[in-house]
Amino acid sequence: MTNSQNPGSPVRASRALLRRATSMFGLGIPREPEPVIESLPPVVEQSQETEQQLAALVAHNAELEQRLAAESAHLSEALAEIQSLQSALQQRHPPEQDLLERHRSLELQRTNQELAAEVQERKRVVIALSAFSHLGQKLHSAHSETEAAKIIAETAQTLIPHHACSIALYGADDQLHPIIQAVASPDARLFRSNLSVPIRNGLRVVGILEIKSAVPDAFSIADANTLQSLGDYCGGALERVRAEKALRHLSRSILDAQENERRRVARELHDGVNQAIASIKFRIQTAEQQIARGDPKWQETCAKTKEMLDSVLQQVRRLSQNLRPGELDDFGLVAATRSACQEFEARTGIDVTFVAEGLELRLPPPLELSLYRISQEALTNIERHSGADSVQISLAADQANVILRISDNGRGIIPGERHEKGGGLGLLHMRERAGLAGGTFTLESGPGQGVRLKVEAPIHAIVPHPS
């Protein structure tokens, strides 16, 4: 065996050391092929060659160490520079200052949003003020509830965009009656949002104002406040329009009542008094002729003439009683009503029961006149339409109010007939007289149940009975 084949030979050890160094430092020195045993140089030459390679390896290792030291120094300088820059950056912009800047940015954004909202609100207020200013002028010129409601609907559309608006008002029966049902857009078939507010005149609700939209969640709290302001603003105007309409209707009713009363008086004078006077004149002429002929029947003719004169006097007295009863001025409401009941019972044969309580002192003259006219109108309606044979009338008063109750056992009010026969106008007059006296008028009736009416009015002053 040669030395190259010995595992502990210098050549083999040198080559193993060379491979280890190569793998450690990544030199990439190519591995020499394993020489053939027959071609190996002598041992001495191989040792010299190994020493040269080791020297070269050491030199290359030294060079690598120098390069590594230089790179390490450069890396240390870079790290130091990075640390210096970070320190300077932290000194210029500490974390607290970053948080403060973000907080200020958020505050500035919120302030901008608030300013934008305030600008929008001010624009809304300006539009609302302008709309309300024009609304007052337009409502002042409205002559009907429908015309006023249309003006309100147009103003609501200006203030709050929507697709439909409806207005309903309470009537005398305390029920809501629609005035308008306006649709602004023909495409709004399905409403997904609605907003309704009461129309108020002070503390009293006079109607409902409602708007609708096809957009979901279309109305805000601000819109609700705006619509409520519109409802409060328009309540008084609608009441004024209604009052003016009622006043015009009342004036027309008063004129109609005056004409009807004049027509009735003229008819009674013509049919009753005038014919009776003409008959009396004829009988007087007959009596004159009988006296001239010496006919003893003239006494009988004169007796019948006196009876006719008594009848005429009764008719004139009744006409005077209907126009203005003397008992009302001289003795007050109780005496005048009792006299009217007695005259009604004697003339019609209908039994009348009259009771008065708590009326030792006289009522104010306007109140006495209103209650007497209501009683008079009620008796007239009973005579013409009820078919009753019994009537009850009562008057009761305390320190604050007076109450008039009238009832009969007639056939009652049948729906659809009272206007045809004129009873509706009498009821209207009684209701209006009660309202003028500051009181309330209620009526209960049904087919075959008779009529029960009640008038309650406040007593503002009392007047002592004349001695």
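Residues numbered from 1 in each chain as written. Predicted model: local features only at pLDDT ≥ 70, side-chain atom pairs only at ≥ 80, totals over all residues. Heavy atoms only, no water.

Peer 1: So what exactly am I meant to see when it comes to the packing of helix α4 (residues 145-159) against helix α5 (residues 221-293) here?
Peer 2: In a packed pair of helices, the relevant descriptors are the angle between the two axes and the axis-to-axis distance. Interaxial distance between α4 and α5 falls to 10 Å at its minimum, and their mutual angle equals 165°. In this view, α4 runs roughly antiparallel relative to α5, as classed from their interaxial angle. Along this stretch, α4 crosses α5, giving a crossing that reads as right-handed. Where α4 approaches α5, its residues Glu145, Ala148, Ile152, Thr155, Ala156 and Leu159 are matched on the opposing element by Thr226, Leu227, Leu230, Cys234, Leu238, Val241 and Arg242. A breakdown of the residues in the contact of α4 with α5 according to their chemical character gives 9 nonpolar, 2 polar and 2 charged. (Axes fitted to C-alpha atoms, helices over the stretch in contact; angles between N-to-C directions. Helix = DSSP H or I, 4+ residues; strand = E, 2+ residues; numbered from the N terminus. Parallel < 35°, antiparallel > 145°, perpendicular 65-115°, else oblique. Left-handed = near helix turned anticlockwise from the far one by under 90°. Contact = heavy atoms within 4.5 Å. Nonpolar A, V, L, I, M, F, W, Y, C, P; charged D, E, K, R; others polar.)

Peer 1: Where do I start with helix α8 (residues 333-348) in this structure?
Peer 2: Because an α-helix completes one turn every 3.6 residues, residues spaced three or four positions apart along the sequence face the same direction. Taking 1.5 Å of rise per residue, 16 residues should cover 22 Å, and α8 covers 22 Å from first to last C-alpha, within 8% of that figure. Within two residues after α8, Gly349 carries a phi angle of roughly 80°, on the positive side. (Expected span 1.5 Å × (residues − 1).)

Peer 1: Would you explain the pairing of strand β1 (residues 164-170) in this entry?
Peer 2: Two faces, one strand: in a regular strand the side chains alternate between the faces of the sheet. Along β1, 6 of the 7 residues are buried, which leaves the element largely enclosed by surrounding structure. Pairing between β1 and strand β4 (residues 204-213): 6 bridges, direction antiparallel. Residue pairing across strands places Ala164 opposite Lys212, the latter belonging to β4. (Buried < 20%, exposed > 50% of the residue type's maximum accessible area, 1.4 Å probe, protein only. Pairing = 2+ DSSP bridges.)

Peer 1: I keep staring at helix α9 (residues 365-386) and nothing clicks. Help me out?
Peer 2: The terminal C-alpha atoms of α9 lie 30 Å apart, and with 22 residues this matches the ideal 32 Å at 1.5 Å per residue to within 8%. Following α9 by one or two positions, Gly387 has its phi on the positive side, about 70°.

Peer 1: Hey, could you run me through the sheet that holds strand β6 (residues 390-397) in this one?
Peer 2: Strand pairing in a sheet relies on backbone hydrogen bonds, with the paired strands running either antiparallel or parallel. Sheet architecture is open: 5 strands sit in the order β5-β6-β7-β9-β8, paired in mixed fashion. The open sheet has two edge strands with one neighbour each: β5 (351-357) and β8 (440-445). Between one strand axis and the next, the sheet turns by 10° as a mean value, whatever way the strands run. Sheet analysis places β8 next to strand β9 (residues 451-458), joined by 6 bridges and oriented antiparallel. Within β9, the residue paired with Leu443 across the bridge is Leu453. Contacting β5 and β6, α8 runs over the sheet at an angle of about 170° to β5. Sitting on the sheet, α9 touches β6, β7 (401-408) and β9, and the angle it makes with β7 is about 10°.

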